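What follows is each chain in one-letter form.
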Amino acid sequence: MAHQPLDDLELDTIETFLESDRVHEECQNFVMAHGFLTALAICPSQFTEEQWLPVIFEETPNFESQKEEKQITQLMSRLFVDIQKELESEDEFLIPCELEMGPSAEELSELQEWATGFMEGVFMTETFWFETEKEEVVAELLLPIMVASDLFDDEEVIQIRQSEKLTRSCIEQIPEVVTDLFLVLRTEPEKRPAPSASKHANNKQSGKKTKNNKKKTHGKKH
């Protein structure tokens with residue numbers, strides 16, 4: 001059977017469930033889960049829903065019935081496939097939120113949540129992202145997502161975030177950077193982008209300079 005992309009109602013069903021009282025308070029919300037699954041879809045290693053669903057949920061949700069559990073599991077799996085197919089199309093990747101930062105450190109935007117979810121996917125699969133011959137270009141391409149996330153406090157990221165102009169320049173690159181990361185990690189060398197895709201990067205160990213590598217959720221439950 002051909003894959004059927006999720007429609008708006010099905011996307012709303014996922015979003016509503018992930019923000020319901022039936023999930024753990026640290027369950028990823030929709031934009032975080034989308035970012036997390038995007039990173040897994042880029043990673044050259046394959047992962048099953050049995051591996052990534054528990055990370056999204058934090059703990060097994062309190063499903064109302066087996067029917068609901070099957071429905072949500074199938075919708076999440078189809079979301080993952082939707083993301084994979086969008087990346088494989090090599091069209092401009094659509095981030096499911098506005099490309100903007102939050103007004104304060106306490107009030108993060110959906111983009112910051114998406115980027116945090118993405119970087120958590122990178123942390124989970126870090127070995128596959130930082131192979132010797134790809135490490136430098138991957139670290140460079142990740143910089144705009146690092147700037148958008150709430151996980152890094154190394155000097156370069158702080159300097160960029162202190163400048164509204166540099167921050168804007170970085171986050172506007174994110175859709176292109178996602179496609180470039182996919183090309184670097186998942187396609188043949190002749191299709192890979194040049195290492196200079198990001199304008200502000202010198203990081204060599206991007207995924208390792210963090211406040212912490214543990215999941216942080218924002219805008220979910222208080």
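Given the structure is predicted, the values throughout are model-derived calculations rather than measurements. (Residues numbered from 1 in each chain as written. Predicted model: local features only at pLDDT ≥ 70, side-chain atom pairs only at ≥ 80, totals over all residues. Heavy atoms only, no water.)

Visitor: Any chance you could explain the overall build of the protein chain here in plain terms?
Guide: From N to C terminus, the protein chain includes ten helices and zero strands. Element order for the protein chain, N to C, with α for helix and β for strand: α-α-α-α-α-α-α-α-α-α. For the protein chain, with 222 residues in total, the buried portion stands at 52%. Sequence separation of 24 or more characterises 78% of the internal contacts of the protein chain that already satisfy a separation of 6 or more. Accessible surface, the protein chain: about 11,300 Å² in total, of which carbon and sulfur atoms supply 46%. (Helix = DSSP H or I, 4+ residues; strand = E, 2+ residues; numbered from the N terminus. Buried < 20%, exposed > 50% of the residue type's maximum accessible area, 1.4 Å probe, protein only. Contact = heavy atoms within 4.5 Å. Areas by Shrake-Rupley, 256 points an atom, 1.4 Å probe, with all protein chains shown as cover.)

Visitor: Looking at this model, I keep getting lost on the nonpolar core. Mind explaining?
Guide: For soluble globular proteins, the rule of thumb is that nonpolar side chains tend to be buried together. If you look at the biggest cluster of nonpolar residues, it comprises 64 residues, and the most contacted ones within it are Phe118 and Trp129. In terms of residues, this core owes the most to one element, helix 7 (residues 135–148), which gives ten residues. Sequence-distant contacts of Trp129, that is, excluding residues within four places in its chain, are made with Ala39, Ile42, Cys43, Phe118, Gly121, Val122, Val138, Leu142, Leu181 and Leu185. (Core = buried A, V, L, I, M, F, W, Y, C linked by side-chain atoms within 4.5 Å.)

Visitor: What should I look at first to understand the side chain of Thr167 in this one?
Guide: By secondary structure assignment, the location of Thr167 is in helix 9 (residues 164–172). Within polar-contact distance, the side chain of Thr167 engages the backbone oxygen of Ser163 at 2.9 Å. Among all residues touching Thr167, those that are not within four sequence positions of it are Met101, Val147, Ile160 and Arg161. (Polar contact = N/O pair within 3.5 Å; in protein donor to acceptor, adjacent residues only side chain to side chain.)

Visitor: Teacher, can you tell me more about the packing of aromatic side chains here?
Guide: For any pair of aromatic rings, geometry is given as the distance between the ring centres together with the angle between the planes. Using the criterion set out here, one finds eight aromatic pairs in the structure. Each ring, one from Phe57 and one from Phe63, has its centre 6.2 Å from the other, and the planes form 80°; the classification is edge-to-face. The exposure classification of Phe57 matches that of Phe63, with both residues buried. (Phe/Tyr/Trp six-rings, centres within 6.5 Å; stacked < 30°, edge-to-face > 60°.)

Visitor: What exactly am I supposed to notice about unusual backbone geometry here?
Guide: Most peptide bonds are trans, and most residues other than glycine sit at a negative phi. The backbone of Glu58 sits at a positive phi, close to 75°, despite the residue not being glycine. Its place among the elements puts Glu58 in the loop between helix 3 (49–57) and helix 4 (66–89).

Visitor: How should the environment of Trp114 be read in this particular structure?
Guide: Mapped onto the elements, Trp114 comes out in helix 5 (residues 110–124). Separated by 19 residues in the primary sequence, Trp114 and Ile95 have C-alpha atoms spaced 8.2 Å apart. Filtering out sequence-adjacent residues up to four positions away, Trp114 remains in contact with Val31, Met32, His34, Gly35, Thr38, Phe93, Ile95, Pro96, Cys97, Ile174 and Val178.

Visitor: Sorry, what's going on with the packing of helix 7 against helix 10 (residues 174–186) here?
Guide: Working note: a packed helix pair is described by the angle between its axes plus the distance between those axes. Taken N-terminus to C-terminus, the directions of helix 7 and helix 10 make an angle of 150°; their axes are 10 Å apart at the nearest point. Relative to helix 10, the element helix 7 lies roughly antiparallel. Here the hand of the crossing between helix 7 and helix 10 comes out left-handed. On the side of helix 7, the interface is formed by Val137, Val138, Leu141, Leu142, Pro144, Ile145 and Ala148, while helix 10 contributes Ile174, Val177, Val178, Asp180, Leu181, Val184 and Leu185. Residue composition of the contact of helix 7 with helix 10, grouped by class: 13 nonpolar, no polar and one charged. (Axes fitted to C-alpha atoms, helices over the stretch in contact; angles between N-to-C directions. Parallel < 35°, antiparallel > 145°, perpendicular 65-115°, else oblique. Left-handed = near helix turned anticlockwise from the far one by under 90°. Nonpolar A, V, L, I, M, F, W, Y, C, P; charged D, E, K, R; others polar.)

Visitor: What am I meant to see in helix 7 here?
Guide: Working note: α-helix, 3.6 residues per turn, so residues spaced by three or four point in the same direction. A rise of 1.5 Å per residue sets the reference length of helix 7, with its 14 residues, at 20 Å; its end C-alpha atoms lie 20 Å apart and thus fit the reference within 8%. Along its length, helix 7 shows its largest kink, about 40°, at Leu142, and proline Pro144 lies within four residues downstream of that point. With 13 of 14 residues buried, helix 7 is to be regarded as a mostly interior element. (Expected span 1.5 Å × (residues − 1). Bend = angle between axes of the 7 residues up to and from the residue.)

Visitor: Even after reading the chapter, I still don't get the environment of Glu59, so can you show me in this structure?
Guide: Looking at where Glu59 falls in the secondary structure, it is placed in the loop between helix 3 and helix 4. Of the residues examined, Glu59 reaches a relative accessible area of 47% and is grouped as partly exposed. Residues Glu59 and Cys27, spaced 32 residues apart in sequence, show a C-alpha to C-alpha distance of 7.6 Å.

Visitor: Sorry, what's going on with the confidence of the model for the protein chain here?
Guide: The predicted coordinates of low-pLDDT regions are not to be read in fine detail. Averaged over all residues, the pLDDT of the protein chain is 86; the fraction at 70 or higher stands at 83%. By mean pLDDT, helix 6 (residues 126–129) is the weakest element of the protein chain at 91, and helix 2 (residues 30–42) is the strongest at 98. Within the model, the stretch residues 195–222 combines pLDDT values under 50 with 98 contacts to residues more than four positions away or in other chains. (pLDDT = per-residue confidence, 0-100.)

Visitor: Hey, could you run me through a negative patch on the surface in this one?
Guide: Together, Asp7, Asp8, Asp12, Glu15, Glu19, Glu98, Glu100 and Glu110 line one region of the surface with negative charge. If one sorts the elements of the negative patch by residue count, helix 1 (residues 8–18) sits on top with three residues. Note on Asp8: relative accessible area 60%, which makes it exposed. (Patch = residues over 30% accessible without salt bridge, like charges linked within 9 Å, V, L, I, M, F, W, Y side chains within 5 Å. Salt bridge = Lys/Arg side-chain N within 4 Å of Asp/Glu carboxyl O. Lys, Arg positive; Asp, Glu negative; His and termini not counted. Charge placed at Lys NZ, Arg CZ, Asp CG, Glu CD.)

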